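If you want the building blocks of each chain, they are given just below.
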Amino acid sequence: MYVDMFNQVMEPAVTKAKNRTAMIFLAACNAVSLFAATNLVVSLNPSDKITIKRGSALTALGFVYFMSLFELLNALTLFTGVGARFRHKYRLSCGDVLDITNKFVSAIQAALSCITGAVVCLWSCTRDFIRTKHCMSEAYAWFGAAYFFYDIWSMYMVHVQMTANTDSKRKQSKNGSSLLSSGDGAVVKKNSISFFSYCKHEPVILMHHLFIGGFGFLVIVYLRGDLGDCTFGFVYLMELSTPFVSLRGILSRMKLKASRAYLVNGVMMLLTFFVCRVISLPYVCLLYSRVLGLPYLEAINSLPTGCKISICILLLPQLYWFYLMSSGAIKMLVGGQSSAKSLAKTSAAVKTEAVEGIEGSEGALGDVRKRS
């Protein structure tokens with residue numbers, strides 16, 4: 001009996017100790033991997049080339065960094081008191097938590113990409129536009145490639161958990177049982193969702209990640225020949241809009257679509273997306289035409305066929321996504337105005353009814369007084 005009581009008392013403490021140890025281990029892996037990757041790059045000269053050995057080490061460290069960051073954020077949100085209060089405040093399910101941490105890691109990757117792009121542009125674009133290289137461009141191609149393959153796994157985990165949460169709610173509603181608070185943070189295990197079924201469910205984002213992580217990596221590291229890094233610096237800076245895109249999804253999960261932060265973030269998302277993803281590549285082509293001393297269209301026509309195809313592959317989806325974002329923003333603004341008008345009409349009608357009610361009561365009171 002005493003053994004059973006001891007186990008009942010000690011099990012929560014043991015679980016907390018295990019969670020604390022796991023979080024310390026994840027934090028250490030995350031910090032050490034980032035420090036080691038940085039150390040592999042800062043010791044190089046700007047003109048040095050990344051060897052396969054160093055690049056492979058950067059890719060391995062990238063996997064450790066992004067995966068440990070994702071797991072650490074999940075552990076902090078699901079297994080700590082602060083995380084529990086955060087979940088209950090915004091009524092987040094486990095699937096919501098995984099989706100938020102996935103988007104947070106995406107924002108961190110975008111910040112690292114922008115830092116790389118800024119360094120590369122400041123170095124390469126101010127020298128020989130066509131030939132000058134910087135080692136950080138290739139280094140982050142090795143390190144960042146790990147993110148796109150990690151993110152496929154991460155999004156699969158989010159998909160599994162969100163599907164499991166949906167199925168659990170359906171079963172509970174069919175059985176007539178009350179649904180748990182969406183802030184309980186319980187992890188629902190669902191093993192019937194295969195990775196291939198997820199690939200069929202999200203083919204576009206999967207192809208995007210494989211293209212960027214595979215073909216984009218090959219272009220920057222091997223296929224570009226003697227082309228400098230100024231152009232690729234602008235490609236890295238295209239990620240500047242990603243933190244705002246991620247924050248939009250996070251605020252949506254937190255049910256803050258009606259907040260001012262959501263509106264301000266939406267404006268910033270549109271501005272950065274337009275500047276960094278829509279007009280950045282045409283601007284690079286303009287710089288290229290000035291270097292060659294050719295008219296804009298002639299300079300673009302002089303590019304190799306593979307380069308022109310790559311520009312189209314990069315630019316056309318950005319135009320489509322910007323169209324979707326703009327149309328969504330317009331709908332939100334129009335919807336907000338219409339809801340404001342309907343609210344004003346409703347309040348006016350309520351006031352009218354209240355005034356009529358008061359006048360009617362006063363008239364009835366006057367009749368009573370006359371009769372008396």
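Every chain begins its residue count from 1, and numbering advances along the sequence as written. Under the rules for a predicted model, residues below a pLDDT of 70 receive no local features and side-chain atom pairs below 80 are neither given nor counted, while totals for whole chains, interfaces and linings still include all residues. For the side-chain quantities, the full set of heavy atoms in the structure was used; hydrogens and water were omitted.

**Structural notes on unusual backbone geometry**
You will see that Arg-91, though not glycine, has its phi angle at about 50 degrees, which is positive. Segments assigned H or I by DSSP are reported as helices when at least four residues long, segments assigned E as strands when at least two residues long, and all are numbered from the N terminus. Tracing the chain through its elements places Arg-91 in the loop between α3 (81–90) and α4 (94–124). The backbone phi angle of Lys-255 is positive, close to 60 degrees, even though this residue is not glycine. Within the element layout of this structure, Lys-255 appears in the loop between α9 (242–253) and α10 (260–278). Burial classes: relative accessible area under 20% of the type maximum marks a residue as buried, over 50% as exposed, and values in between as partly exposed (1.4 Å probe, protein chains only). Given the relative accessible area of 51%, Lys-255 is considered exposed.

**Concerning α10**
Its 19 residues give α10 an end-to-end C-alpha distance of 26 Å, which sits within 8% of 27 Å, the value for a rise of 1.5 Å per residue. Within α10, the full set of buried residues consists of Tyr-262, Asn-265, Gly-266, Met-269, Thr-272, Phe-273, Cys-276, Arg-277 and Val-278. To estimate the expected span of a helix, count its residues, drop one, and scale the result by 1.5 Å.

**A word on the nonpolar core**
Within the largest apolar cluster, 41 residues are counted, with the highest numbers of intra-cluster contacts made by Ile-50, Leu-58, Phe-66, Val-105 and Phe-143. Considering every element that reaches this core, the biggest residue donor is helix α5 (residues 135–175), with 12 residues. In this description, contact between two residues means that some pair of their heavy atoms is separated by no more than 4.5 Å. Among residues more than four places away in sequence, those in contact with Val-105 are Phe-66, Leu-69, Phe-70, Leu-73, Tyr-147 and Tyr-150. As used in this record, nonpolar core signifies buried Ala, Val, Leu, Ile, Met, Phe, Trp, Tyr and Cys residues forming a set joined through side-chain atoms within 4.5 Å. By size, the runner-up hydrophobic cluster in this structure holds 10 residues, among which are Cys-230, Phe-234, Val-284 and Leu-287.

**Here we look at the pattern of salt bridges**
Here, a salt bridge means any Lys or Arg side-chain nitrogen found within 4 Å of an Asp or Glu carboxyl oxygen. Enumeration according to the criterion identifies five salt bridges in this entry. Between Glu-138 and Lys-49 there is a salt bridge, with its nearest N and O atoms 3.2 Å apart. Taken together, the residues span a long stretch of sequence, with Glu-138 in helix α5 and Lys-49 in the loop between α1 (2–42) and α2 (52–78) at a distance of 89 residues. Its relative accessible area of 4% is what places Glu-138 among the buried residues. Residue class for Lys-49 comes out exposed when judged on its relative accessible area of 52%. One connected set of salt bridges, linked through shared partners, spans Asp-96, Asp-99, Lys-103 and Arg-253.

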